[in-house]
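# Observations on the model geometry
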Amino acid sequence: MERKKVTLPEIQRKKEMGEPLTMLTAYDVNIARAVDQAGIDMILVGDSYGMVVLGYDTTVPVTMDQMITAAQAVARGAKNPLLIGDLPFLAYQVNAEEAIRNAGRFIKEANMDAVKLEGGREIAPTVRAITNAGIAVMGHVGLTPQSVSKLGGWRTQGTTADAAHKLLDDALALQDAGAFAIVLEKVPERLAEFVTQRLQIPTIGIGAGAHCDGQVLVANDVLGLFDRFVPKFAKQYAKLYPLIVEAFSAYKREVDTRAFPAAEHSFGIKDVEWEAFMKTLEQERETRTTNSFDPTADNERIYG
Ligand code: KIV
C-alpha cells in the first residue's frame with residue numbers, strides 16, 4: 001500500500017483514536033530514508049545531533065547552521081514522515097522576532113514541516129508568535145537538555161508535588177499557545193499519564209512511561225551506534241557499534257594482507273587500448289632520445 005505524507009490532522013487523529021504515535025530522530029539522509037521505510041510517523045532532527053554526531057557533551061553548543069545542514073540531509077531522505085526541526089539553544093530565547101526567523105529557516109531552507117522548542121509557560125508567547133507566523137510548533141517540557149545546567153544535571157523532572165503542578169501548567173500553557181504536540185522527557189510515568197489525559201494535543205514521551213500518546217527515541221540509541229553511556233530510558237534494538245568496529249578491522253586486515261581489493265573490485269582496459277598506450281610511450285621515449293643527442297641544441301644552450 002502506498003504511504004501518504006503524515007500531516008498535523010493525522011497526528012491529532014491518532015491522539016483522538018488512541019493510536020500510538022512514533023517518532024525517531026535522524027540527522028542524515030540514510031537514517032532518514034530507513035526511518036521513513038519503517039513507517040515512523042515523525043522525524044525529529046533533534047539538537048541531540050550535537051551530542052550523538054558532533055561529539056559535544058551537551059546540546060548547548062549546537063548552532064542554527066549545523067541544524068539546517070542536518071535537516072536538509074534528512075529532508076532529502078524522508079518523504080512521508082512529518083519532519084520537525086529542533087531549534088537549538090539561543091535560536092528562540094532572545095526575542096520572538098529571532099525565533100520566527102530561525103523557525104522560518106527550517107521551513108524555507110530545509111523543507112521541515114514544523115519546529116520544536118524547549119520550555120514551558122515562559123516560552124508560550126514565543127510559541128504563539130511562531131504559530132501566528134504560520135509555522136507548526138512542538139513543545140518540550142520535563143528534562144529540557146538546553147537548560148541542563150540550570151536544572152542541576154540530567155535528573156528526572158516533576159518529582160515533587162510543586163514540580164508536577166508546574167509541569168502540568170507548562171504543558172497547558174503550550175497547548176493554549178498553539179503547540180500541536182508536546183514532548184515529555186524524563187518525568188514520572190504517573191505524571192506523564194495524567195498530563196496526557198488532561199491535554200487535547202498529543203504527548204510524545206521519552207523516559208515518560210507507557211501512557212503517552214506517542215514515543216520518541218534517539219535513532220543512535222536505538223541502533224546502538226556508540227559504546228558510551230546509554231540512558232536508562234533508551235532501548236537498544238540493535239548493537240551496531242561492535243559490528244562497525246569489526247567491519248573496519250576486517251577491512252584493515254584485508255588491505256594489510258593485500259586480500260582487498262580483489263579482482264571483482266577492480267577495473268579492466270582492453271588489450272588493444274593497452275598496446276596502443278604502450279606504443280605511445282615508446283614513441284615518446286624515442287623522440288626524447290633523438291633530441292638529447294642533438295649537439296647543436298646543447299651548444300646553443302651553453303653558448304647561446
Ligand atoms: O534533541 C532531541 O533528540 C530531543 C529528543 C530527545 C526529544 O529533543
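Residues numbered from 1 in each chain as written. Predicted model: local features only at pLDDT ≥ 70, side-chain atom pairs only at ≥ 80, totals over all residues. Heavy atoms only, no water.

With that out of the way, let us pick up the site of the ligand. Neighbouring the ligand are Thr25, Leu44, Gly46, Asp47, Ser48, Asp86, Lys116, His140, Val183, Glu185, Ile206 and Val218. One of the side-chain nitrogen or oxygen atoms of Asp47 is found 3.0 Å away from an oxygen atom of the ligand. Contacts to the ligand include Lys116, whose side-chain N or O atom sits 3.1 Å from an oxygen atom. Burial of the ligand by the protein amounts to 95% of the accessible area it has alone, namely 260 Å². Its residues assigned to classes, the shell around the ligand shows four nonpolar, four polar and four charged. (Near = heavy atom within 4 Å. Polar contact = N/O pair within 3.5 Å; in protein donor to acceptor, adjacent residues only side chain to side chain. Areas by Shrake-Rupley, 256 points an atom, 1.4 Å probe, with all protein chains shown as cover. Nonpolar A, V, L, I, M, F, W, Y, C, P; charged D, E, K, R; others polar.)

What follows is about the nonpolar core. Of all hydrophobic cores here, the largest spans 77 residues; its most connected members are Leu87 and Leu184. Excluding anything up to four places from it in sequence, Leu87 contacts Asp47, Met64, Tyr92, Asn102, Ala103, Phe106, Val115, Lys116, Leu117, Ile130 and Gln146. (Core = buried A, V, L, I, M, F, W, Y, C linked by side-chain atoms within 4.5 Å. Buried < 20%, exposed > 50% of the residue type's maximum accessible area, 1.4 Å probe, protein only. Contact = heavy atoms within 4.5 Å.)

The description of an aromatic ring pair uses the distance of the two centres, along with the angle that the planes make with each other. For the structure on display, the rule yields three aromatic pairs. Between Tyr251 and Phe260 the ring centres are 6.1 Å apart and the planes differ by 65 degrees, which places this aromatic pair in the edge-to-face class. Overall, Phe260 belongs to the partly exposed group, its relative accessible area being 32%. (Phe/Tyr/Trp six-rings, centres within 6.5 Å; stacked < 30°, edge-to-face > 60°.)

Here the focus is the domain arrangement of the protein chain. Domain boundaries in the protein chain define domain 1 (8-239) and domain 2 (247-303). Between domain 1 and domain 2, the C-alpha centre-to-centre distance is 57 Å. (Domains from an automatic or database assignment.)

Right, let's talk about the environment of Tyr237 for a bit. Along the polypeptide, Tyr237 turns up in the loop between helix 9 (219-223) and helix 10 (240-256). Through-space distance from the C-alpha of Tyr237 to that of Val222 is 5.2 Å; in sequence the pair is 15 residues apart. Among residues more than four places away in sequence, those in contact with Tyr237 are Leu217 and Val222. (Helix = DSSP H or I, 4+ residues; strand = E, 2+ residues; numbered from the N terminus.)

Attention now moves to helix 8 (residues 189-198). Since the α-helix advances by 3.6 residues per turn, residues separated by three or four positions end up pointing in the same direction. Within helix 8, burial applies to Leu191, Ala192, Val195 and Thr196. All buried residues of helix 8 fall inside an arc of 135 degrees around its axis, so they share one side. Every exposed residue of helix 8 that faces more than 90 degrees away from the buried side is listed here: Arg190 and Gln197. Buried residues belonging to helix 8 abut helix 1 (8-17), helix 7 (161-177), strand 6 (181-185) and strand 7 (203-206). (Arc of directions from axis to C-beta.)

Taken together, the buried positions of helix 6 (residues 124-132) are occupied by Ala124, Thr126, Val127, Ala129, Ile130 and Thr131. The secondary structure elements touched by the buried residues of helix 6 are helix 5 (96-110), strand 4 (114-116), strand 5 (136-142) and helix 7. Note on helix 6: the residue one or two positions beyond its end, Gly134, has a positive phi of about 95 degrees.

Side chains Thr203 and Gly205 of strand 7 all project onto a buried face; the interleaved residues Ile204 and Ile206 project onto the opposite face, where all are buried too. In terms of strand pairing, strand 6 meets strand 7 through four bridges, oriented parallel. Its bridge partner lying in strand 7, Ile182 is registered against Thr203. Since strand 6 and strand 7 lie parallel, the crossover through helix 8 that links them has a hand, and here it is right-handed. Bridge count between strand 7 and strand 8 (residues 214-217): two bridges; the pairing is parallel. Looking at the pairing, Gly205 lines up with Gln215 of strand 8. (Pairing = 2+ DSSP bridges. Right-handed = clockwise from strand over helix to strand, strands pointing away.)

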